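Each chain, letter by letter, is given below.
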Amino acid sequence: MTPPPTVRIVHSGQACNVEEERYSERVYTIREGETLELQCLVTGHPRPQIRWTKTAGGASDRQGDSSLHNETLKIDNISRHQGGRYYCKAENGLGSPAIRSIRVDVYYLDDPVITVHQSVGEAKEQFYFERTVFLRCVANSNPPVHYTWRRGREALTQGSDSGVEIYEPFFTQGETKILKLKNLRPQDYAEYTCISSVRNVCGIGDKSAHFSLNNRTAPPSIKLLLDDPLVVNPGETITLVCVASGGDPPPTLRWVRPGGEELPRRSVINGGTLTIPAVTVDDGGAYSCMASNNVGNPAKKSTTILVRGLRKGRFWITPDPYHNDDNIQIGREVKISCQVEATPPEELQFSWLKNGRPLRSSERMVITHTDTDVSPGTTNLDIIDLKFTDFGTYTCVASLRNGGTPEISIDVNISSTTVPPELTVPRGRSHLIAQEGDTVDLQCLVSGKPKPIILWSRVEESGGAAAAAVALMPDGSAETESYDGVLRISNLTREMSGTYRCQTSQYNGFNVKPREALIQLVVQFPPTVEPVYTEIRQALGRAFSLTCRLLRAHPARLLRYEWKLGSRLLTVGQFSDQRDDTNYLVRALNREGYGEYTCDITNEAGAGRCTFLVTGKAYAPEFYYDTYSALWENQPRVYGFKLQWTQMEPNAVDRILAYRLGIRQMGQSRWWEQEIPMEGTIQKGELLTYNLTKLVKPDSYLVRLTPITRYGEGDATERIITYSAPVNPHLREFRCGFEDEAMCLFSQDKTDEFDWTRHSAATRDTKYTPNTGPSSDHTGSKQGFYMYIETSRPRLDGDKARLLSPIFNMNSKSSSSSSSATNNPTYCFAFYYHMYGKHIGALNVFLRQKGQTVSDTSVWSLTGNQGDRWRQAKVNIHPTTAFQMMMEGVRGSGIEGDIAIDDVTIEEGECKDPPPKSLILHISLI
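Residues numbered from 1 in each chain as written. Predicted model: local features only at pLDDT ≥ 70, side-chain atom pairs only at ≥ 80, totals over all residues. Heavy atoms only, no water.

The name an unreviewed UniProt entry gives the protein chain is MAM domain-containing glycosylphosphatidylinositol anchor protein 2, with Dicentrarchus labrax as the organism.

Topic: empty space enclosed by the protein
We count it as follows: Here a cavity denotes grid points, spaced 1 Å and computed from the protein atoms alone, that fit a 1.4 Å probe unable to get out, and a pocket denotes an open set having protein on both sides within 12 Å along at least 5 of 7 lines; residues with an atom within 4 Å of a point are the lining. Grid points are joined across faces, edges and corners, and a volume is the space filled by probe spheres set on the points. The numbering of helices and of strands both runs from the N terminus, where a helix is a DSSP run of H or I of at least 4 residues and a strand a run of E of at least 2. Only Asp, Glu, Lys and Arg are considered charged, only Ala, Val, Leu, Ile, Met, Phe, Trp, Tyr, Cys and Pro nonpolar, and every remaining residue, Gly among them, polar.
Counted according to the given criterion, the structure contains two cavities of 30 Å³ or more. In this structure, the second largest cavity occupies an estimated 40 Å³ of space. Every residue lining the second largest cavity is listed: Tyr-628, Ser-629, Arg-735, Cys-736, Gly-737, Asp-903, Val-904 and Thr-905. Elements with a contribution of two residues or more to the lining of the second largest cavity: β63 (733-736) and β73 (899-908). Ranked by residue count, the leading element in the lining of the second largest cavity is β73, at three residues. Residue classes in the lining of the second largest cavity are distributed as three nonpolar, three polar and two charged.

Things to note about the environment of Gln-665
Threshold: Any pair of nitrogen or oxygen atoms within 3.5 Å is treated as a polar contact; in protein, a donor-acceptor pairing is required on top of that, and neighbouring residues in sequence qualify only through side-chain atoms on both sides.
Locating Gln-665 in the fold gives a position in strand β57 (residues 658-665). Residues Gln-665 and Tyr-701, 36 residues apart in the sequence, show an inter-C-alpha distance of 4.5 Å. Within polar-contact distance, the side chain of Gln-665 engages the side chain of Asp-699 at 2.3 Å.

A few points about the layout of surface pockets
Empty space within the second largest pocket amounts to approximately 470 Å³. What lines the second largest pocket is a set of 22 residues, among which Pro-677, Ala-762, Thr-763, Lys-782 and Gln-783 lie closest to the centre. Contributing elements (two or more residues each) for the lining of the second largest pocket: β58 (672-677) and β59 (688-696). It is β59 that provides the largest number of residues to the lining of the second largest pocket, a total of five residues.

Section: the sheet that holds strand β32 (residues 365-369)
Applicable threshold: Pairing between two strands requires that DSSP report at least two bridges joining them.
Reading across the sheet, the five strands line up as β32-β33-β29-β28-β45 and stay open at both edges, with mixed pairing between neighbours. If you trace the sheet from one side to the other, it starts and ends with β32 and β45 (509-510), each paired once. In this structure, β32 lies alongside strand β33 (residues 377-383), joined through five bridges in antiparallel fashion. In the sheet register, His-369 faces β33, and the bridge partner there is Thr-379.

Digging into the state of the cysteines
Two cysteines, two sulfur atoms, one covalent bond between them: this is a disulfide. Here is the rule: Two cysteine sulfur atoms form a disulfide, by the criterion used here, when they sit within 2.5 Å. Burial classes: relative accessible area under 20% of the type maximum marks a residue as buried, over 50% as exposed, and values in between as partly exposed (1.4 Å probe, protein chains only).
For the structure on display, the rule yields eight disulfides. At a sulfur-sulfur separation of 2.0 Å, the disulfide partner of Cys-828 is Cys-911. A torsion of 105 degrees about the S-S bond marks the disulfide between Cys-828 and Cys-911 as right-handed. Pair noted here: Cys-828 is in strand β68 (residues 827-835) and Cys-911 is in the segment after β73, with a separation of 83 residues, a long-range link. Overall, the relative accessible area of 7% leaves Cys-828 in the buried class. Cys-548 provides the cysteine sulfur closest to Cys-599, a residue in no disulfide bond, and the two sulfurs are 3.8 Å apart. For Cys-599, a relative accessible area of 0% corresponds to the buried category.

Digging into the sheet that holds strand β19 (residues 207-212)
Put simply, the rule is: Here an angle of 0 to 180 degrees is reported between the N-to-C directions of two axes, which are lines fitted to C-alpha atoms, with helices fitted over the stretch in contact.
Strand order in the open sheet formed by four strands is β15-β14-β18-β19, and the pairing between neighbours is antiparallel. Looking along the sheet, the strands with just one partner apiece sit at the ends: β15 (154-156) and β19. On average, adjacent strands in this sheet sit at an angle of 30 degrees to one another, irrespective of strand direction. Across three bridges, strand β14 (residues 146-151) lies against β15 in antiparallel orientation. Residue pairing in the sheet places Trp-149 in a bridge with Leu-156 of β15.

Overview of the nonpolar core
Let me state the cut-off plainly: By convention a nonpolar core is built from buried Ala, Val, Leu, Ile, Met, Phe, Trp, Tyr and Cys residues, the set being connected through side-chain atoms within 4.5 Å. Contacts: residue pairs with any heavy atoms within 4.5 Å of one another.
Among the nonpolar cores identified, the biggest contains 33 residues, and Phe-738, Phe-746, Trp-756, Phe-829, Phe-831, Leu-843 and Ile-901 are the most heavily contacted of them. Among the elements of the structure, β63, β66 (785-789), β67 (800-804), β68, β69 (842-850), β71 (871-877), β72 (883-890) and β73 are those that each provide at least two residues to this core. Broken down by element, the residue count for this core peaks at five residues, all from β68. Filtering out sequence-adjacent residues up to four positions away, Phe-738 remains in contact with Met-743, Cys-744, Phe-746, Arg-758, Phe-785, Tyr-786, Met-787, Leu-803, Ile-901, Asp-902, Asp-903 and Val-904. In this structure, Ile-336, Leu-386, Tyr-394 and Val-512 belong to the second largest nonpolar core, which totals 28 residues.

Following this line, the structure appears as structure tokens:
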């Protein structure tokens, strides 16, 4: 009993319209700002998992989390961007998933905007004097907007005025409407109104925009009342003033930064005035003033703010370039360079000191500077023919000509101890082995004066003879600076293994070829194994094998394994180079064999563990939610419910002996429990049934079902039963599975020889006649009920038992009409029958009409043995007045002649072929 899922989408909420399109797609129309509510109703067993997704324009919509695992999709205050196609997907692992979609169309209408342009190439100082003018109206909308124009109170249409043309550009069909005023006339100076309409769909009213055209109408022009560029000191308050110098109507002004960058958060805007208090270096850059009045093109003027500052002071020492020697020596040249980034660069100025005293350029002490327009700026001090008296501290001082920011001083010592750097790795530290989670220090010893900054980076072999590629450092950067030559890496991971390079920086040291050294880091980690945890369910006496697989380990040699059950050692061993897994075989499971098995695989770095929980617990039952007529009423204050389920993997463990049924009234804490014994072995997919009775209306109940084997209790599953008043009889769709004692108001005929019997296979008498009658109801359930005729003695050949349905009333139109039967509705009467046995008589179906006289019409009949299986019969009926159906069973020539019926339905409309057993998708409204 494992039907694949089916899906249908129903809606509630605030739809304007829901209409069917071809191929069963539905379009759900809703007004922007309303609440969208869609519900995905599914059938299928096991209960399918539901997922809502949305796609827009073929790409997944990432607004919010594009999927929702819930039956109901609800969007409050829906926006236009949330329109599109929504999919409900249901899957339960059987067959293909069921997918249904509905397109949501969000309707809206924005305020229209009128823009005014003069024909290109005709612009003169008098912008609109004897010129052709275009008024364009645009409004964003869905569905497409319809425009109308008015001049004053006069409606303008194509042809109503020879001086006016109204047209839609072909490339913006339905999106805009242009009014062309040819060679402007005095009467064209007027108030124009554009009315946009979506014809009141979804209750969206018309919207309008106005524009007054006169001989002063002109596009905007602006001017900036400030210096460009504007150079300021950090911490100052700056004010940018933009004023409109022309334009009618008066333009609106706004300040923007290029690339959509936000204005500083502290800034204050008042009309065209932008004030930035306590300006910082980050506030520097371009600012633009924009002016717009919907006439012509917007005006734009820009300025640049330069915030004074000095940053990134660096120095380097260059030995005599004419000698192949990195050392400083008496009698040779040496150059000291100093570099600073300055804003504005033209204000940068350098000065030099020696031992704190000003130093001027001379023949032997040559001071040079780069051009002021080059950034960063650099100054060089060339010492020609170095003498002992030149040893000392040289200071490079960078400042801005107009002040406003502190100066930067850089000291460089030149002496006999000023030597280029050397890099070495301490003995025994060039190949490090550490373990995951450790903290490790990589160290390069740096000598030399001045001591340079050390740059650390990673070198990753890209494979084969390819050149080394740069990999990222553990902190995610390409390079890390260190002042003491130590790189500390905390919380090591296996990904941090590799080669690390330490290298002297060219800055703040000697300008010579960088010195470098390499350190190899090996991160050991314990074995990674699978499965980390798994549960295995087994019956007593069975054989099974447990496998623990090695995925990766470092080192991957000398690996050992150890199997245990609880604390009891089972077996130990060592991996061979060819094996990457280890197995443990249980030949015949006994009670002591249940428990937690572990397999530890170990190396020098630690152990990886596979855990297997071996249990005899039964899997959970799976409730069947698609039972027809599950709920019935046979007493005024109580109701009954047909509970159905299948057992997940019933053969995985020992036979299920019984189910423990727990039931609790919602809102109460007390559970009622009882056991449902199980006879024989439950088959996979077998539908089990138990009838709950005397549930109090209109309360809901929580039901829990727990399978029990000789091992003990298995996994429980729960569901909620909710009362809903059944409509019975209900002509549009009447269903009866005979699960309630009231038999859906079916009744026994009083004029026949014997009665039909309500029965279930689970309660069948052990003395029943063999070789006849069904062994379960039509769904395969031994707990489900059906009706049958018992043909054992004292029944005689030809005895009849008649079962009468409730009386169904025709609607007033049909009952009062005297026209032909073609005007009367057609109904499909369907039922399942079981006619098995060598003495089977006959099963007859009659339509009994209750007009002025009662008439019985035969509509279906079958005789003889039809085999040990349930079959379905369908027949069209055409009643013209109140009617009921009569099922007549006729006893055959012997006792092996039991006839049974089940699941009777009456549906409006003609009978359709039974659906194929493939996936069924349908979509309908409630």
